[in-house]
Amino acid sequence: MSAAAKPALPELSLEQFMAQAYAMECEAVERYTEFADMMETANNPEVAALFRTMAGYETRHAEQILAQMGWTQAPPPPPGLLTAPGMEAPEAMPIDEAHYLMQPWHALQLALSAERRAQAFFALLARMAATEPVRKAALELQAEEAGHVALVQAWLAKVPAPDPDWAVDPDPPRYTD
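Residues numbered from 1 in each chain as written. Predicted model: local features only at pLDDT ≥ 70, side-chain atom pairs only at ≥ 80, totals over all residues. Heavy atoms only, no water.

Novice: Looking at this model, I keep getting lost on the pattern of salt bridges. Mind explaining?
Specialist: It is possible for side chains of opposite charge to pair when their charged atoms get near one another. All chains considered together, the criterion is met by five salt bridges. The partner of Arg 52 in a salt bridge is Glu 40, and the shortest N-O contact between them spans 3.0 Å. Highlighted residues: Arg 52 in helix α2 (residues 45–69) and Glu 40 in helix α1 (residues 14–41), separated in sequence by twelve residues. For Arg 52, a relative accessible area of 33% translates into the label partly exposed. By relative accessible area, Glu 40 is classed as partly exposed at 46%. Notably, a salt bridge pairs Arg 135 with Glu 132, separated by 2.7 Å at the nearest N-O pair. Placement of the pair is Arg 135 and Glu 132 together in helix α4 (residues 132–156), with a separation of three residues, close to one helical turn. Linked through salt bridges whose partners overlap, the residues forming this network are Asp 37, Glu 40 and Arg 52. (Salt bridge = Lys/Arg side-chain N within 4 Å of Asp/Glu carboxyl O. Helix = DSSP H or I, 4+ residues; strand = E, 2+ residues; numbered from the N terminus. Buried < 20%, exposed > 50% of the residue type's maximum accessible area, 1.4 Å probe, protein only.)

This is the structure:
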């Protein structure tokens, strides 16, 4: 594709772009925390701790954005800037993917998928950026996400894959009306 035909993002300032990136990191923190809470409720502390660790990484990443931009408080996210209405941020895991019997391997697979989506998202934004500061920021965020992918892959190498019958519960929860 020629440079003239390259699709571009709307003309964004670096501040607008980083405000959106910050909002995405905060959404990832919220989702990892939701998953951790769900796992604690299901008495699955090992997986809950793993999700809390991932939430901590995302919190630090959000704090890095604030520091890098010299912001003392969270900026308001630009409405609908980089995502379609009703869509979640690329790094947010689908809430319906949680299972109360999931094992660390499952949690890491979800995290790996989310981190890969975020990495691909920022790579796309770097290619589409209309200005050099936004392109450079997108490339830096892509590299951050690549680091998260590598971290999750290293963790995955240390945990066993689950048995095929991992979701069988001899005493499943029963709901009554």
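Now that the structure is up, let's keep going.
Novice: Whenever I open this one, the packing of aromatic side chains confuses me. Can you help?
Specialist: Aromatic ring pairs: the centre-centre distance and the angle between the two ring planes describe each pair. This structure, assessed with the given rule, holds five aromatic pairs. Considering the side-chain rings of Phe 17 and Phe 122, the 6.3 Å spacing of their centres and the 75 degrees angle between planes classify their relative orientation as edge-to-face. Note that Phe 17 is positioned in helix α1 and Phe 122 in helix α3 (residues 104–128), a separation of 105 residues in sequence. Its relative accessible area of 0% is what places Phe 17 among the buried residues. Ring geometry for Tyr 57 and Trp 155: centres 5.8 Å apart, planes at 50 degrees, overall tilted. Placement of Tyr 57 in helix α2 and of Trp 155 in helix α4 is noted, with a sequence separation of 98 residues between them. An aromatic cluster is built from Phe 17, Phe 121 and Phe 122, whose rings are joined through pairwise contacts. (Phe/Tyr/Trp six-rings, centres within 6.5 Å; stacked < 30°, edge-to-face > 60°.)

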